[in-house]
Amino acid sequence: MTSGLKGGTSPALIAPLLLVLYGLLRLVDGLDGDHGPGLAWNLGHTLFLFGFLLFGVVTFALRGLVLGTGPGRRLVANAATAVSLLGIACFLWVILGDLFSDLAASAPLPEPLEMIGPLAFQGGWLTLLVMAVTATPRLLPAWSPLLVLAGFLLFAVNLDLLPVGGLLLMAGLAPVARASRPALSSAPGTAG
């Protein structure tokens, strides 16, 4: 798995950190009682955009982690990856629409995808995480998908809980970051 960045920093930790920062900027933006275009809004959504691009990288890292863990798991891993990427694409579409109002007006995300997108992302990820927990040998601790699920649930309860939910995602993905380091250091063409 090649999910690390130069210097050993993992997208599995950076992406949720960007989500935490987005959540904090969202809170700052809403202090006047309105969420909308402005410095905090634009900066927050830019961080949100980069966070979701990195979530795509993490999705492939999760897939790579579970691919060779048993017969029949490749099909499930590939399906979960595709579903997650569909969800990520929906998030990116909405984020770009939030940043560029002309795009939102001319090409809004179709309504069915507004509901399906978040569920696809979350369901695909949870499937991959559970596959890593149930692999022989176990690749992640059982609490990893539970913390990620708790973060997702907080997002659903109230978007003001994004910073806390992002921290839960970061904690849940910390084992993924650790699991990716040996593969990164042995990957061809990677120098510390």
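Structure: above.
Remember, it's a predicted structure, so these values are computed and weren't measured experimentally. (Residues numbered from 1 in each chain as written. Predicted model: local features only at pLDDT ≥ 70, side-chain atom pairs only at ≥ 80, totals over all residues. Heavy atoms only, no water.)

J.: Hey, could you go over the pattern of salt bridges for me, with residue numbers and the actual values?
T.: The full count for this structure, using the stated rule, is one salt bridge. For Arg-26, the salt bridge goes to Asp-160, with nearest N and O atoms at 2.8 Å. Residue Arg-26 is located in helix 1 (residues 11-29), and its partner Asp-160 is located in the loop between helix 6 (143-157) and helix 7 (162-186); the two are separated by 134 residues in the primary sequence. Taking relative accessible area as the criterion, Arg-26 reaches 16% and is therefore assigned buried. Its relative accessible area of 38% is what places Asp-160 among the partly exposed residues. (Salt bridge = Lys/Arg side-chain N within 4 Å of Asp/Glu carboxyl O. Helix = DSSP H or I, 4+ residues; strand = E, 2+ residues; numbered from the N terminus. Buried < 20%, exposed > 50% of the residue type's maximum accessible area, 1.4 Å probe, protein only.)

J.: Break down unusual backbone geometry for me, with residues and values.
T.: At the junction of Thr-136 and Pro-137, the peptide bond is cis and its omega measures out at 0° in the coordinates. By secondary structure assignment, the location of Pro-137 is in the loop between helix 5 (111-134) and helix 6.

J.: Give me the lowdown on helix 5, citing residues and values where you can.
T.: Taking 1.5 Å as the rise per residue, helix 5 with 24 residues should run 34 Å; its terminal C-alpha atoms sit 35 Å apart, in good agreement. In the structure, helix 5 departs most strongly from a straight axis at Gly-117, where the bend amounts to approximately 25° and where the proline Pro-118 lies between one and four residues downstream. Listing the buried residues of helix 5 in full gives Gly-117, Ala-120, Phe-121, Gln-122, Gly-124, Trp-125, Leu-128, Leu-129, Met-131, Ala-132 and Val-133. (Expected span 1.5 Å × (residues − 1). Bend = angle between axes of the 7 residues up to and from the residue.)

J.: Talk me through the packing of aromatic side chains; I want residue IDs and the actual numbers.
T.: Counted by the stated rule, this structure contains 13 aromatic pairs. Aromatic ring contacts, followed pair by pair, group Tyr-22, Phe-48, Phe-52, Phe-55, Phe-91, Phe-121, Trp-125, Phe-152 and Phe-155 into a single cluster. (Phe/Tyr/Trp six-rings, centres within 6.5 Å; stacked < 30°, edge-to-face > 60°.)

J.: An account of the nonpolar core is requested, with residue identities and associated values reported.
T.: Judged by nonpolar contacts, the single largest core of 41 residues is most densely connected at Leu-19, Phe-52, Phe-55, Phe-121 and Trp-125. Elements with a contribution of two residues or more to this core: helix 1, helix 2 (39-66), helix 3 (73-99), helix 5, helix 6 and helix 7. For this core, the leading source of residues is helix 2, giving 11 residues. If we ignore the near neighbours within four places in the chain, the residues touching Phe-52 are Ile-88, Phe-91, Leu-92, Ile-95 and Phe-121. (Core = buried A, V, L, I, M, F, W, Y, C linked by side-chain atoms within 4.5 Å. Contact = heavy atoms within 4.5 Å.)

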